[in-house]
Amino acid sequence: MKFVISGFYGLGNTGDEAILEAIIDNLREEFNNPDITVFSLSPEKTAKEHNVKSVYRGWRHENKEKIKALREADLLISGGGGLLQDHYPTKFLFGPLPYYLLIVLLAKLCGTKVMFFSQGIGPVKTKWGKILMKLANLADFITVRDEYSKQLLHELGVKRPQTVVTSDIVFAFKPKKDDSCIKSLPLKGDEKLVAVSVRPWFEHVKQFEQVAQILDALIEQKGITPVFVPMEGHHDKKASEQVLAQMKHAEKCHLLGTDFTPNQYLNFIGQCQLTVGMRLHALIFSTLMGVPHIGLSYDTKVESLLKRSGMWKFSARLEEIHVDTLIQNAIHLLEHHDQHAVEIKENADHMRKEAVRNLELMKQHFFS
């Protein structure tokens, strides 16, 4: 079988790279020696890391190669992740929505079937974005990672393809033991580690001060060692430094390097007692590894995940953070770690089964 995978790949985002690794690993488990081509911004790096073919994802060059790959493919896998949204500026041909939907259109013109795979949809608020979303009806089959995404697709007029709710394909990630992250830190070995994942989010900056206050209180009251996990390279490194600059006990914190793999970050988070995080996939990694977590939700996708992991009652929307409440929630999770870890692992097992179902549905719909 020949597959083309289109997504936000080769740009250094840990969550998206974890999505790609999970898709590739599971394709290789479900199909005998699949031929895989990935559209990537860093095609040489992607090809080397995953032992696949790779074509430059942008429109500036390698367009003939894109067409050739799509013509020869049995299926275009569009996803996973939050590809179809207009959070970021969406112009006539520029922005996430036009890019990913034009790839779908190109695939259909090449006679190739299309599956939207484990996607999170939205937000789509602009008039042009809503018009573009009609192209999603070209897909032959759709799986989405939460009920909100399915409802939004229907509201946007995407009703022709069958749509099934599963879960984020990263729940089917296949961890490999690797302690590179923890070995990179000057630790004694008896620290109570708390993973921290912050990110820039447009003009929002108040959360950096609030996270600093939460971490300072936990250092003083519970003796934790916060470790910042930069899930998207220098962007998250800068955001982490903004938190550190406002802390009284910054010297008791650590900041991981930006060049670790998704698997290495996953293994590190699994060695922590708690995660305080904004990044969706930092929270997914925590769920996978049974680590209690407090999410700071900047988007519906984060809130949806927290409700499924069982941690929403301890979390907050970004604009509704109450520092004292979250400090008490963190203390509770640290003191009742094992109890909540069991609950999280049970929820993760359910979402893992739903993630694998993406592949089962693909086989049923396209290759039965």
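On a predicted model such as this, the values are computed, not experimentally measured, just so you know.

1. Focus on the packing of helix 12 (residues 300-309) against helix 14 (residues 337-366)
Each packed pair of helices is defined by two parameters, the angle between the axes and the distance between the axes.
Next up, step 1: It is at 8 Å that the axes of helix 12 and helix 14 come closest, and there the two elements cross at 115°. Where helix 12 abuts helix 14, its residues L305, R308 and S309 lie against I344, N347, M351 and E354.
Next up, step 2: Across the contact of helix 12 with helix 14, the residue classes tally to 3 nonpolar, 2 polar and 2 charged.

2. Points about the sheet that holds strand 2 (residues 35-40)
Next up, step 1: Reading across from one edge, 3-2-1-4-5-6-7 is the order of the 7 strands in this open sheet, with parallel pairing throughout. What marks the edges here is a single partner per strand, and that holds for strand 3 (53-56) and strand 7 (162-165). Taken pair by pair, the neighbouring strands of this sheet meet at an average axis angle of 20°, ignoring direction.
Next up, step 2: Here 5 bridges tie strand 1 (residues 2-6) to strand 2, and the two strands are oriented parallel to one another. For I5, the partnering residue across the bridge sits in strand 2 and is V38.
Next up, step 3: Packing against the sheet, helix 3 (residues 63-72) makes contact with strand 1, strand 2, strand 3 and strand 4 (75-81), and its axis sits at approximately 145° to strand 2.

3. Quick word on helix 3
Next up, step 1: Listing the buried residues of helix 3 in full gives K66, A69 and L70. Projected onto a plane normal to the axis of helix 3, the buried residues spread over an arc of 95° and lie on a single side. The outward face of helix 3, more than 90 degrees from its buried face, is lined by the exposed residues K64, K68 and R71.

4. Here we look at unusual backbone geometry
Next up, step 1: A cis amide bond, omega -5°, links G79 with the succeeding residue G80.
Next up, step 2: Checked against the element boundaries, G80 lands in strand 4.
Next up, step 3: Between G122 and the following residue, P123, the backbone shows a cis peptide bond with an omega angle of 0°.
Next up, step 4: Locating P123 in the fold gives a position in the loop between strand 5 (113-119) and helix 5 (127-132).
Next up, step 5: Of note, S118 is a non-glycine position whose phi angle comes to about 50°, a positive value.

Rules of the game
- Residues numbered from 1 in each chain as written.
- Predicted model: local features only at pLDDT ≥ 70, side-chain atom pairs only at ≥ 80, totals over all residues.
- Heavy atoms only, no water.
- Axes fitted to C-alpha atoms, helices over the stretch in contact; angles between N-to-C directions.
- Helix = DSSP H or I, 4+ residues; strand = E, 2+ residues; numbered from the N terminus.
- Contact = heavy atoms within 4.5 Å.
- Nonpolar A, V, L, I, M, F, W, Y, C, P; charged D, E, K, R; others polar.
- Pairing = 2+ DSSP bridges.
- Buried < 20%, exposed > 50% of the residue type's maximum accessible area, 1.4 Å probe, protein only.
- Arc of directions from axis to C-beta.

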